[in-house]
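Per-entry structural report
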Amino acid sequence: RVAYVNGTYRPHGQATVHVEDRGFQFADGVYEVWSIFDGRMADFDGHMTRLARSLTELRISIPMTRQALTQVLKETIRRNRVRNGIVYLQVTRGTARRDHPFPAEGTPPSVIVTARSIDPNKSEAVAAKGVAVITQPDIRWGRCDIKTVGLLPNVLAKQAARERGAYECWMVDEMGLVTEGSSTNAWIVDENGKLRTRDTQANILKGITRTALMALIADQDVELDERPFSVDEAKRAREAFFTAAGAFVMPAVSIDGVRIGDGKPGPITTKLRTLYLDQAR
Ligand code: PDD
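Remember, it's a predicted structure, so these values are computed and weren't measured experimentally. (Residues numbered from 1 in each chain as written. Predicted model: local features only at pLDDT ≥ 70, side-chain atom pairs only at ≥ 80, totals over all residues.)

1. What about the site of the ligand?
Close to the ligand lie 15 residues; Gly 207, Ile 208, Thr 209, Ala 244 and Ala 245 are nearest. The residue makeup of the shell around the ligand, split by class, is five nonpolar, eight polar and two charged. (Near = placed C-beta within 6 Å. Nonpolar A, V, L, I, M, F, W, Y, C, P; charged D, E, K, R; others polar.)

2. So, the packing of helix α6 (residues 208–217) against helix α8 (residues 267–280)
Following both chains from N to C, one finds α6 and α8 inclined at 105°, their axes separated by 10 Å at the closest point. On the basis of their axis angle, the class for α6 and α8 is roughly perpendicular. The segment α6 lies against α8, with Ala 212, Leu 213 and Leu 216 engaging Leu 272, Leu 275, Tyr 276 and Gln 279. Across the contact of α6 with α8, the residue classes break down as six nonpolar, one polar and no charged. (Axes fitted to C-alpha atoms, helices over the stretch in contact; angles between N-to-C directions. Helix = DSSP H or I, 4+ residues; strand = E, 2+ residues; numbered from the N terminus. Parallel < 35°, antiparallel > 145°, perpendicular 65-115°, else oblique. Contact = placed C-beta atoms within 7 Å.)

3. Details of the confidence of the model for the protein chain
On average, residues of the protein chain score 97 in pLDDT, and 100% of them are at 70 or above. Both confidence scores are given for the complex: pTM 0.97, ipTM 0.99. (pLDDT = per-residue confidence, 0-100.)

4. Describing unusual backbone geometry
Unlike most non-glycine residues, Arg 81 shows phi in positive territory, near 50°. Mapped onto the elements of the fold, Arg 81 is located in the loop between α3 (66–79) and β5 (85–92).

5. Some words on the pairing of strand β7 (residues 131–137)
Summarising the sheet, β7 and strand β14 (residues 248–255) pair through three bridges and their orientation is parallel. By the bridge assignment for β14, Val 131 is matched with Ala 252. Pairing of β7 with strand β8 (residues 168–172), which is carried by five bridges, proceeds in the parallel orientation. Of the residues in β8, the one forming a bridge with Val 133 is Glu 168. (Pairing = 2+ DSSP bridges.)

6. Observations concerning α6
Looking at α6, one finds that the buried residues are Ile 208, Thr 209, Arg 210, Ala 212 and Leu 213. In this structure, the buried residues of α6 make contact with α2 (44–58), β10 (185–189), β11 (195–197), β13 (239–244), β14 and α8. (Buried ≥ 20, exposed ≤ 12 C-beta atoms within 10 Å, placed from the backbone.)

7. Quick word on the sheet that holds β5
Here we have six strands laid out as an open sheet, ordered β2-β1-β6-β5-β3-β4, and antiparallel in their pairing. Two strands close off the open sheet at either side, each with one partner strand: β2 (8–11) and β4 (40–41). Here strand β1 (residues 2–5) runs beside strand β6 (residues 110–117); their pairing, made up of two bridges, is antiparallel. Paired with Val 5 across the bridge in β6 is Ile 112. Against the sheet, α2 engages β3 (29–37), β4 and β5, with an angle of about 175° to β3.

8. Focus on the packing of α2 against α6
Between two packed helices, the angle of one axis relative to the other and the distance separating the axes together describe the packing. One can describe the packing of α2 onto α6 by two numbers: an axis separation of 9 Å at closest approach and a directional angle of 135°. Taken together, α2 and α6 sit at an angle that is classed as oblique. Classified by chirality, the crossing of α6 by α2 is right-handed. Two secondary-structure elements touch here, α2 through Gly 46, His 47 and Arg 50 and α6 through Ile 208, Thr 211 and Ala 212. Taken together, the residues of the contact of α2 with α6 break down into two nonpolar, three polar and one charged. (Left-handed = near helix turned anticlockwise from the far one by under 90°.)

9. Digging into the nonpolar core
One finds Val 87, Val 133, Ala 240, Phe 242, Met 250 and Ala 252 to be the most contacted residues of the largest nonpolar core, which totals 56 residues. Of the residues that make up this core, three or more belong to each of domain 1 (2–118) and domain 2 (123–280). (Core = buried A, V, L, I, M, F, W, Y, C linked by C-beta atoms within 7 Å. Domains from an automatic or database assignment.)

10. Looking at the environment of Glu 105
By the element assignment, Glu 105 lies in the loop between β5 and β6. Remark: the alpha-carbon pair of Glu 105 and Val 33, spanning 72 residues in sequence, is separated by 28 Å.

11. Thoughts on the domain arrangement of the protein chain
One frequently used descriptor of interface size is the decrease in accessible area upon assembly of the parts. Assigned domains of the protein chain: these are domain 1 (2–118) and domain 2 (123–280). Elements that contribute at least two residues to the side of domain 1 that touches domain 2 include exactly β3, α2 and β5. For the side of domain 1 that touches domain 2, the element with the highest residue contribution is β3, accounting for eight residues. For the side of domain 1 that touches domain 2, a count of residues per class yields 10 nonpolar, seven polar and four charged.

12. Some points on the environment of Gln 136
Position of Gln 136 among the secondary structure elements: in strand β7. Each C-alpha atom, one on Gln 136 and one on Ile 208, is 24 Å from the other, the two residues being 72 residues apart in sequence. Once residues within four sequence positions are removed from consideration, Gln 136 is found in contact with Ala 157, Ala 160, Cys 169, Met 171 and Val 172.

Have a look at this one:
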């Protein structure tokens, strides 16, 4: 395996950044993850546009054109021979003596790219059974719309899920409403048969998979209600699922140990997963 690090492709085991990289010391950086289907990146433009927005919000200026960046992503995928999997891009504010304010103008940002294969049969097997979700209070900061590498609350939430035999943790605000998953957007088919997912005016990431799915839903015979739902509503829901690059549309069959529907992936969820995968391929 190889990784791209600041202009060069290095063997994965030697692909390091400096100890004073601001990503390492301050989580001062952003990232994107694309799914790769048959060697091609899914929702390419959506992720690129969000990357540009994250960089702008943090005032990190990247000295690479979109074309050059695209080339690096493709080349990293090619060199790692990934047909199906994910590609990860991270940009930090660069390397400078540790000091909280931004480093001197002209300090080059760090750009790294990695790619790895994921066996599509394995993810299909997981999706066919559906997964367990737990919930925990959302303890994150006020700018979760920016895709930063500052993911400690998300890491703790995901670990809590794993320790309870679950796949994902849905985070919950003070009102008892689900914000999003630790690395996914949360959805339900509510008691009235409406699709519900939280609006992105609130403090969550505007998922690219979420946006792509919404476009597909527009042609379907199901009503979309972009409105937050509570943990109680989720537990009473007909179906539940979550979306992200890599997970696509993943059925949730229990929430905090409460069975959703008949404990199997629901018909609408299954349909949406197929729709998403068909257009992504
Ligand atoms: N996570 N919400 C959060 C907090 C996320 O980290 C992600 C993505 C999403 C879904 O966004 P998208 O559909 O654009 O992937 C929602 C990536 C996959 C990760 O951290 O690995």
